[in-house]
Amino acid sequence: MNKLKCFFLFLVICSLAYSQTTRLDQISLTNGTNGFGSIKINRSTMGNPLKINAVTYANGVGVFAPSEINLNLFGTASRFQATVGIDDDVSAKPNEANLEFKVLADNKLVWSSGIMKYTDLVRTKQIDIDITGKNYLTLITTVGSDGVNASDHADWVGTIITYNGTKPVCVPKSSVILTPKINNGNYFFAKTDTPLMT
């Protein structure tokens, strides 16, 4: 039993030793979609330094809701961390900023900020989720309860993706295809569990 425990400990140590990290701003996001203009790297959607609640962030991406970034993780990522919030770009029109951040793993919702407003007392939210074994990570911003995106300037900052293998890449939404799985001789799509044939 002691040898078995030592073996598993060895595997864990090896895994940690080979783990790597990357940031969202270190990945080409040209395949992402943005509500207005292009996704900005290390800048707000207006091209200014990333700033949330008077705190400036050196690294991250600025988007204009609605936006969507799909990352192919190649099944080798284990953790996603980030801070999200509404950029101070909209300080002149604080009542117009109203949006929501969502994180999907293999097309399933795994984290949501809930509706965030620029006038909220708490202006940032933290993300720290386990994505072990997942093939795709989708980062979404949606317009809020007002249904308009006049000042929905959203920031994903301090992003860290831990992986062990191929570095994640941004892919078009149409490329997010989940591999069918087999269950007792029936084929199912991982997303809907709809039988294809028996």
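No experiment lies behind these values; they were computed from the predicted model shown.

(A) Here's a closer look at the overall build of the chain. Across its full length, the chain carries 1 helix and 15 strands. For the chain, the proportion of its 198 residues judged to be buried stands at 39%. For the chain, the proportion of contacts with a sequence separation of at least 24, taken over those separated by at least 6, is 73%. By element, 56% of the accessible surface of the chain is carried by carbon and sulfur atoms, the whole surface being about 10700 Å².

(B) Summary view of the pattern of salt bridges. Under the definition given, this model contains 4 salt bridges. With a shortest N-O distance of 2.9 Å, aspartate 25 and arginine 23 are connected by a salt bridge. A residue is classified by how much of its surface remains accessible, and aspartate 25, at 11% relative accessible area, is buried. A residue is classified by how much of its surface remains accessible, and arginine 23, at 27% relative accessible area, is partly exposed. Note that arginine 79 is salt-bridged to aspartate 128, the shortest N-O span being 2.7 Å.

(C) Representation of the sheet that holds strand 9 (residues 108-117) within the structure. Strands sit in the order 9-8-11-6-13 across an open sheet of 5 strands; the sheet is antiparallel. Two strands lie at the open edges of the sheet, namely strand 9 and strand 13 (169-171), each paired on one side alone. Put simply, the sheet's adjacent strands are angled 20° from each other on average, direction ignored. Across 7 bridges, the pairing between strand 8 (residues 98-105) and strand 11 (residues 136-143) is antiparallel. Bridge pairing in strand 11 places leucine 104 opposite threonine 138.

(D) Summary view of the pairing of strand 11. Counting buried positions along strand 11 yields 6 of 8 residues, so the element is predominantly enclosed. Note that strand 6 (residues 67-72) and strand 11 share 6 bridges and pair antiparallel. Bridged to asparagine 72 within strand 11 is tyrosine 136.

(E) Expanded view of the nonpolar core. In this structure, Ile69, Leu71, Phe80, Val103, Ile127 and Trp156 are the most contacted members of the largest nonpolar core, which totals 32 residues. Mapped by element, the contributors of at least two residues to this core are strand 5 (60-64), strand 6, strand 7 (77-86), strand 8, strand 9, strand 10 (124-130), strand 11 and strand 12 (153-163). Dropping the residues within four chain positions of it, isoleucine 69 is found in contact with Leu24, Leu29, Ile39, Val61, Leu137, Thr138, Leu139 and Cys170.

(F) Region of the structure containing the side chain of threonine 159. For threonine 159, the position within the fold is in strand 12. The exposure class assigned to threonine 159 is buried, which follows from its relative accessible area of 2%. A polar contact is formed between the side chain of threonine 159 and the backbone nitrogen of leucine 24, at a distance of 2.9 Å. If near-sequence neighbours (up to four positions away) are discounted, threonine 159 is found in contact with Thr22, Arg23, Leu24, Asp25, Phe80, Gln81 and Ala82.

(G) Inspection of the packing of aromatic side chains at higher detail. Overall, the coordinates contain 2 aromatic pairs when judged by the stated rule. For the pair phenylalanine 36 and phenylalanine 64, a centre-to-centre distance of 6.0 Å together with 55° between the ring planes defines the contact as tilted. Of this pair, phenylalanine 36 sits in the loop between strand 1 (20-22) and strand 2 (40-41) while phenylalanine 64 sits in strand 5, placing them 28 residues apart in sequence. Over the aromatic face of tyrosine 118 sits the side chain of arginine 123, whose NZ or CZ is 3.9 Å from the ring centroid.

Conventions and cut-offs
Residues numbered from 1 in each chain as written. Predicted model: local features only at pLDDT ≥ 70, side-chain atom pairs only at ≥ 80, totals over all residues. Heavy atoms only, no water. Helix = DSSP H or I, 4+ residues; strand = E, 2+ residues; numbered from the N terminus. Buried < 20%, exposed > 50% of the residue type's maximum accessible area, 1.4 Å probe, protein only. Contact = heavy atoms within 4.5 Å. Areas by Shrake-Rupley, 256 points an atom, 1.4 Å probe, with all protein chains shown as cover. Salt bridge = Lys/Arg side-chain N within 4 Å of Asp/Glu carboxyl O. Pairing = 2+ DSSP bridges. Axes fitted to C-alpha atoms, helices over the stretch in contact; angles between N-to-C directions. Core = buried A, V, L, I, M, F, W, Y, C linked by side-chain atoms within 4.5 Å. Polar contact = N/O pair within 3.5 Å; in protein donor to acceptor, adjacent residues only side chain to side chain. Phe/Tyr/Trp six-rings, centres within 6.5 Å; stacked < 30°, edge-to-face > 60°. Lys NZ or Arg CZ within 6 Å of the ring centre and 35° of its normal.

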